[in-house]
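What the coordinates show
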Amino acid sequence: MIKMTTKPISKPKLDEVYGFAIQLGKDAGKLLLDAAQARIGGNDSSGQDFCEKDSAVDIVTKTDEAVETFIRRRITQTHPTHAFVGEESYSKGSSRAYLIDDATPTWCVDPLDGTVNYTHLFPMFCVSIAFVVGGKPVIGVICGPFLNQLSTACRGRGAWLNETLPLPLARNPIPPMPPNAPSRCIFSCEWGKDRKDTPGGNLHRKVDSFLNMAAEIGGRGGKGSMVHGVRSLGSATMDLAYTAMGAFDIWEGGCWEWDVAAGIAILQEAGGLITTANPPEDPPSARIEDAKLGSRLYLAVW
Ligand code: IPD
Ligand code: CA
């Protein structure tokens, strides 16, 4: 079988695509903000109308759809040779295969990450736009418009908050990790959408993980880590943006590629690491590989 490889993208071309992606993130973020603001004061209830997808906590609003259509149209008009993978278009398709191939530069987009937050007007929602080349996210743009936070990165050009502040903003604890890490770290993990109350299932394993992280040192049969804090923002994309900022130290999540692609580009460019959350067979000798986009289980550390 002949393995197709992507033609490298020249530096000026990548600069141009980066500028396009930033503007697209700002414009899409403005659409999200306008839609959220239209509901403040109760004048417009359309943002609260949602349909359930796979379960009662997996929802989609008209805003998710409208913003994805807007982003997709702009990309198709400006970069007709690039492929597009977006959460809402993907959801409507019948395949659940990984669709990003190494040979085609691909945009990987979540038009609204944190849809539940958006419907409740909890500010942790955002648009997430990644440009993936050779299977790796090389540009990431995350715009959280309610918070006025724009995180951006492009391979070799650093990672930025609101285009002026280099990421990470600060480190606490200051690297290297303290010997008793993850104590003194902030750990972030989402509750996710699998709510089956099955012992040993996803929900129970997450609760175990929260308890292990939070419990006093020596608690939980020696697993207690007594981290500084455990956070669940309701947006995996925002979790990664905050990890890149240095506000979170560890994030663990089981996600689709559009939830993490932009965050991976930003975190890596900020100096952080993202790998698989599947534990290695022999931790002391294991080589820490970069996460493979599409692998669905991620562990990020800064
Ligand atoms: C979800 C959020 C949530 C995470 C889920 C995602 P959505 O995205 O990021 O925090 O736990 O795995 O699917 O549905 O709001 O775009
Ligand atoms: Ca979404």
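Residues numbered from 1 in each chain as written. Chains lettered and ligands numbered in written order. Predicted model: local features only at pLDDT ≥ 70, side-chain atom pairs only at ≥ 80, totals over all residues. Heavy atoms only, no water.

An unreviewed UniProt entry lists the protein chain under the name Inositol-1-monophosphatase, with Chaetomium strumarium as the source organism. Here the protein chain is described in UniProt, under the heading Sequence similarities (unreviewed entry), as follows: "Belongs to the inositol monophosphatase superfamily." Of the comments in the UniProt record for the protein chain, the one headed Pathway (unreviewed entry) reads "Polyol metabolism; myo-inositol biosynthesis; myo-inositol from D-glucose 6-phosphate: step 2/2." (UniProt positions renumbered as here; feature names shortened; annotations may be inferred.)

1. Regarding the coordination of the calcium ion (ligand 2)
Distances from the calcium ion (ligand 2) to its protein donors, namely E87 (OE), D110 (OD), D110 (OD) and L112 (O), fall within the range 2.2 to 2.8 Å. Summarised as a motif, the one-chain spacing of the donors to the calcium ion (ligand 2) is E-x22-D-x1-L. The exposure class of L112 is buried, given its relative accessible area of 1%. (Donors = N, O, S within 2.8 Å, 3.2 Å for Na, K, Ca; no water. Buried < 20%, exposed > 50% of the residue type's maximum accessible area, 1.4 Å probe, protein only.)

2. Focus: the packing of helix α6 (residues 236–245) against helix α7 (residues 257–269)
α7 packs onto α6 with a crossing angle of 10° between their chain directions and a minimal axis gap of 8 Å. If you check the angle between α6 and α7, you find them roughly parallel. Here A236, T237, L240, T243 and A244 of α6 come into contact with α7, specifically with W258, D259, V260, G263, I264, I266 and L267. Residues belonging to the contact of α6 with α7 are distributed by class as follows: eight nonpolar, three polar and one charged. (Axes fitted to C-alpha atoms, helices over the stretch in contact; angles between N-to-C directions. Helix = DSSP H or I, 4+ residues; strand = E, 2+ residues; numbered from the N terminus. Parallel < 35°, antiparallel > 145°, perpendicular 65-115°, else oblique. Contact = heavy atoms within 4.5 Å. Nonpolar A, V, L, I, M, F, W, Y, C, P; charged D, E, K, R; others polar.)

3. With respect to empty space enclosed by the protein
In the structure shown here, the tally under the stated rule is one cavity of 30 Å³ or more. The calculated volume of the largest cavity comes to roughly 30 Å³. Considering the residues around the largest cavity, the lining is formed by I142, G144, Q149, S151, M238, A241 and M245. Those elements giving two or more residues to the lining of the largest cavity turn out to be β6 (136–144), β7 (149–154) and α6. Here the lining of the largest cavity gets three residues from one element, more than from any other, and that element is α6. The residue makeup of the lining of the largest cavity, split by class, is four nonpolar, three polar and no charged. (1 Å grid on protein atoms, 1.4 Å probe; cavity = no way out; pocket = protein on both sides within 12 Å on 5 of 7 lines; lining within 4 Å. Points joined across faces, edges and corners; volume = space filled by probe spheres on them.)

4. Here's the deal with the sheet that holds strand β13 (residues 273–276)
Spatially, the five strands line up as an open sheet ordered β11-β10-β12-β14-β13, and their pairing is mixed. The open sheet has two edge strands, β11 (229–231) and β13, and neither has a second partner. In this sheet, adjacent strand axes meet at a mean angle of 20° when their direction is disregarded. Those strands touched by α6 are β10 (186–189), β12 (250–254), β13 and β14 (297–301), and its axis lies near 155° from that of β12. The sheet contacts of α7 involve β12, β13 and β14, and relative to β13 the element is tilted by about 130°. (Pairing = 2+ DSSP bridges.)

5. Concerning the packing of helix α1 (residues 11–39) against helix α2 (residues 62–78)
Where α1 meets α2, the axes come as close as 10 Å, and the angle between the chain directions of the two elements is 155°. In terms of orientation, α1 lies roughly antiparallel with respect to α2. Of the two possible hands of crossing, α1 and α2 adopt the one that is right-handed. Along the contact surface, α1 presents F20, L24, D27, A28, L31, L32 and A35, while α2 presents T63, V67, F70, I71, R74, I75 and T78. Of the residues in the contact of α1 with α2, the class split is 10 nonpolar, two polar and two charged. (Left-handed = near helix turned anticlockwise from the far one by under 90°.)

6. A closer look at the UniProt feature "binding site: Mg(2+)" (unreviewed entry) in the protein chain
As recorded in UniProt, the feature "binding site: Mg(2+)" (unreviewed entry) lies at E87, D110, L112, D113 and D259. Despite a sequence span of 173 residues, these residues sit close together in the fold, their greatest C-alpha distance being 9.5 Å. The exposure class assigned to D110 is buried, which follows from its relative accessible area of 1%. Residues contacting D110, with those up to four places away along its chain left out, are E87, C126, V127, S128, W258 and D259. Among the structural elements, L112 can be located in strand β4 (residues 106–113). With residues up to four places along the chain from it excluded, the contact list for L112 reads L32, T61, T63, D64, E87, Y118, F125 and C126.

7. Some points on the nonpolar core
One finds L167, W251, V260, I274, L293 and Y298 to be the most contacted residues of the largest nonpolar core, which totals 39 residues. Broken down by secondary-structure element, the contributors of at least two residues to this core are β5 (126–133), β8 (159–161), α6, α7 and β14. Look past the residues within four positions of L293 in its chain and what remains in contact with it is Y98, I100, V132, G135, P137, E257, V260, A261, I264 and Y298. Listed in part, the 29 residues of the second largest apolar core include L24, V109, F131 and V133. (Core = buried A, V, L, I, M, F, W, Y, C linked by side-chain atoms within 4.5 Å.)

8. A word on the layout of surface pockets
Considering only enclosed or pocket space, the second largest pocket measures out at about 210 Å³ in volume. G135, K136, A291, K292 and L293 are, among the 13 residues lining the second largest pocket, the residues nearest its centre. Those elements that place two or more of their residues in the lining of the second largest pocket are β6 and α7. Along the lines of polarity and charge, the residues of the lining of the second largest pocket split into four nonpolar, three polar and six charged.

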